[in-house]
Amino acid sequence: MQMVQSIAMGRFSTLALTVLLLLVISAPVIDGHPTGKFNTSSGCSCHTTTAIDAQLSGYPSTYEAGEQYVLAIGMSISAPAGGFSLDIDKGTLSNPSTDAQVNTPQRSATHSSSDSTSWTVTWTAPSSGSGMVTFSLAVLAADGNIDTEGDSSGILSVQIAEVSPNTAPQVSLSLPSSVDSSTDLVAIISSSDADDDPVSISIQWLRNGFREGSLDNLQTVPATMLGPGQIWTCKVIGNDGTENSQQVIASTTISNSPPTALINIVTNPVWIG
């Protein structure tokens, strides 16, 4: 009886060992995520055979709030299969290309199959005042052997600053309160810009409400064009290359020229007596 039990136990042990070996052989070697994995831009610890360069292009040197940019994702070597994971900390991702996908809330993108080694996705920049944005990217070049041997990976981090909002220039204008028709009419104009941008000035003159085109962009109206009772108006706008200033307007009325005194000097008078 004891011998029968020993034989039975031996057969059970052999069967258990065989089942265990079959399970080990049939189990996947790695969790390869051929359909992608979000939020893994720090890279994969499994695939570290060879380091490669992760490539990201299409982003601006500085971004404008709300603008859309098409990002191109790739790697520095060619491979039969590949994958990626791209994370952003601000803005949103959309419009993934073939073999790519975007998660919700649109802050991470990854591959949807291992058939490609390059992808595109659209990044919409965040609202004004968001500041620095960080792109974090990991790519994987796989040899298709369903294991980690022979695969290559790389990571990349890019920071992009926001375009500083432009401040419109300021201009000031003044005309003399009293001008006679014998004196040139001169506009006193000054400008400033908080961004230290150069400011160009546009000037228009109107005589009694009608524009005098020959005086465009001139600060002085010659006295020969002035007459008593005329109303002269000056309009000025500044531009810093991006924005116009507010238009400023000033007017003045031309007065009569002062009378000229005539003095007769008589020399060598002759007296008649």
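Residues numbered from 1 in each chain as written. Predicted model: local features only at pLDDT ≥ 70, side-chain atom pairs only at ≥ 80, totals over all residues. Heavy atoms only, no water.

**Q** Explanation requested: the overall build of the protein in the structure shown.
**A** From N to C terminus, the protein includes 1 helix and 20 strands. Counting only residues that meet the buried cut, the protein has 32% of its 273 residues in that class. Residue pairs in contact within the protein that sit at least 24 positions apart in sequence constitute 65% of those at least 6 positions apart. Surface accessibility of the protein: about 16500 Å² in total, with carbon and sulfur atoms responsible for 55%. (Helix = DSSP H or I, 4+ residues; strand = E, 2+ residues; numbered from the N terminus. Buried < 20%, exposed > 50% of the residue type's maximum accessible area, 1.4 Å probe, protein only. Contact = heavy atoms within 4.5 Å. Areas by Shrake-Rupley, 256 points an atom, 1.4 Å probe, with all protein chains shown as cover.)

**Q** Where do I start with the sheet that holds strand S4 (residues 68-75) in this structure?
**A** Strand pairing in a sheet takes place through backbone hydrogen bonds and is either antiparallel or parallel in direction. Taken together, 4 strands build an open sheet; the order of strands is S2-S4-S9-S6 and the sheet is antiparallel. Edge strands, defined here as strands with exactly one partner in the open sheet, are strand S2 (54-57) and strand S6 (92-94). Strand-to-strand, the axes of this sheet are offset by a mean angle of 30 degrees, without reference to chain direction. (Pairing = 2+ DSSP bridges. Axes fitted to C-alpha atoms, helices over the stretch in contact; angles between N-to-C directions.)

**Q** For this particular structure, what's the right way to read the packing of aromatic side chains?
**A** The geometry of an aromatic ring pair is captured by two quantities: the separation of the ring centres and the angle between the planes. Going through the model one piece at a time under the given rule, you end up with 6 aromatic pairs. Centroid distance Tyr-59 to Phe-135: 6.2 Å. Interplanar angle 55 degrees. Geometry classified as tilted. Here the residue Tyr-59 occupies a position in the loop between S2 and strand S3 (62-63), and Phe-135 occupies one in strand S10 (residues 133-142), the gap between them amounting to 76 residues. By relative accessible area, Tyr-59 is classed as partly exposed at 30%. According to the relative accessible area criterion, Phe-135 is buried, its value standing at 1%. Pairwise contacts between aromatic rings join Tyr-59, Tyr-63, Tyr-69, Trp-123 and Phe-135 into one cluster. (Phe/Tyr/Trp six-rings, centres within 6.5 Å; stacked < 30°, edge-to-face > 60°.)

**Q** What should I look at first to understand the confidence of the model for the protein in this one?
**A** Any segment with low pLDDT has predicted coordinates that should not be analysed in fine detail. Of all residues in the protein, 75% attain a pLDDT of 70 or more, and the chain-wide mean is 82. Helix H1 (residues 2-26) is the least confidently modelled element of the protein, averaging 37 in pLDDT, while strand S16 (residues 200-207) averages 98, the highest of any element. Under a pLDDT of 50 for its full length, residues 1-32 has, in the predicted model, 6 contacts with residues more than four places off or in other chains. (pLDDT = per-residue confidence, 0-100.)

**Q** I'm lost on the pattern of salt bridges in this one. Help?
**A** Pairs can form between side chains of opposite charge whenever their charged atoms are close. Applying the stated rule across the entire model yields 2 salt bridges. Here Arg-207 ties to Glu-212 by a salt bridge, and the two come within 2.9 Å at their closest N and O atoms. Salt-bridge contacts for Arg-211 lead to Asp-216; the nearest nitrogen and oxygen are separated by 2.4 Å. Given a relative accessible area of 48%, Arg-211 falls into the partly exposed group. (Salt bridge = Lys/Arg side-chain N within 4 Å of Asp/Glu carboxyl O.)

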